[in-house]
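Below, each chain spelled out in residue letters.
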Amino acid sequence: MLAAVAVSTLLSGCSPIVALTPAPHANDTACADVIVRLPQTVQNLPRRETDAQATGAWGDPAQVLLRCGVAVPAASDLPCVSVDGQDWLRDDTNAPSYVFTSYGRTPAIAVVVDQSKLTPGLVLSDLSTVVAFTNPNGRKCLSVEDSLGGTASPTPTLSPTPTPTLSPTPTP
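Residues numbered from 1 in each chain as written. Predicted model: local features only at pLDDT ≥ 70, side-chain atom pairs only at ≥ 80, totals over all residues. Heavy atoms only, no water.

Draft legend 1. Structural detail: the state of the cysteines. For the structure on display, the rule yields 2 disulfides. Shown here is the disulfide that connects C31 with C68, its sulfur atoms set 2.1 Å apart. Disulfide C31-C68: torsion about the S-S bond near -85°, hence left-handed. One end of the pair, C31, is in helix α2 (residues 29–35); the other, C68, is in strand β4 (residues 64–70), with 37 residues separating them in the sequence. Pair check on accessibility: C31 and C68 agree, each one buried. (Disulfide = S-S within 2.5 Å. Helix = DSSP H or I, 4+ residues; strand = E, 2+ residues; numbered from the N terminus. Buried < 20%, exposed > 50% of the residue type's maximum accessible area, 1.4 Å probe, protein only.)

Written out as structure tokens, the structure reads:
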């Protein structure tokens, strides 16, 4: 009887399961490799149980949400950032909640971070090691130099202005 009361007390103190929708490609085997390796904490927030395949959540209330198997992004006009060797597209449509989607990896992973409560770069750093369990697809963020057409050219220097030479005046 005492054991039943203890279990009941423990269960009543648990956080509710975080309700999420699985991504279209959540059944990709690489997502399983990612999910079993998710960290128990992200930015000191404890991991939460979710009700959807290939998802993760941290914090109470949940402040970081992860879905593996979202659509793999192609070329995009969204800002692309690199964190610990992993590239991410940043969608700030719902700022201060930002959606970061892994770029150059298949399947893709989307991470939602509320910037008013957490630093997105630190969250992505905590999750970068698990993103490495997805497959590279050859895409990557462009550096500033790449976006300008290749390698950076040297800084232009001023050329000396030639001194005009006077022609002799013809004599009659």
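Still more ground to cover, so stick around.
Draft legend 2. The arrangement of the pattern of salt bridges in detail. Here the structure, examined in full by the defined rule, presents 2 salt bridges. Residue R48 is joined to D60 by a salt bridge in which the shortest nitrogen-to-oxygen separation is 3.6 Å. Here D60 lies in the loop between β3 (55–58) and β4 and R48 lies in strand β2 (residues 45–48), a separation of 12 residues in the sequence. Take R48: its relative accessible area is 13%, and that puts it in the buried class. For R90, the salt bridge identified is with D92, shortest N-O distance 3.5 Å. (Salt bridge = Lys/Arg side-chain N within 4 Å of Asp/Glu carboxyl O.)

Draft legend 3. Spatial organisation of the environment of R90. Mapped onto the secondary structure, R90 falls in strand β6 (residues 86–91). Distance in space between the C-alpha atoms of R90 and S102 is 9.2 Å, their sequence separation being 12 residues. Setting aside residues no more than four positions away along its own chain, R90 makes contact with L78, P79, Y98, V99 and F100. (Contact = heavy atoms within 4.5 Å.)

Draft legend 4. Representation of the pairing of β4. With respect to burial, β4 is a largely interior element, 5 of its 7 residues being buried. The pairing of β3 with β4 spans 4 bridges and is antiparallel. Bridge pairing links W58 to V64 in β4. Between β3 and β4, which pair antiparallel in sequence order, lie 5 residues; one of them, G59, sits at a positive phi of approximately 100°. Bridge analysis of β4 against strand β9 (residues 108–114) gives 6 bridges, and the strand direction is antiparallel. Pairing of L65 across the sheet is with V112, part of β9. (Pairing = 2+ DSSP bridges.)

Draft legend 5. Molecular detail of helix α3 (residues 120–131). With 12 residues, α3 extends 15 Å between its outermost C-alpha atoms, agreeing within 8% with the 16 Å of an ideal straight helix rising 1.5 Å per residue. Restricting attention to buried positions, one finds in α3 the residues P120, V123, L124, L127, S128, V130 and V131. An end-on view of α3 places all buried positions within 155° of arc, on one side of the element. (Expected span 1.5 Å × (residues − 1). Arc of directions from axis to C-beta.)

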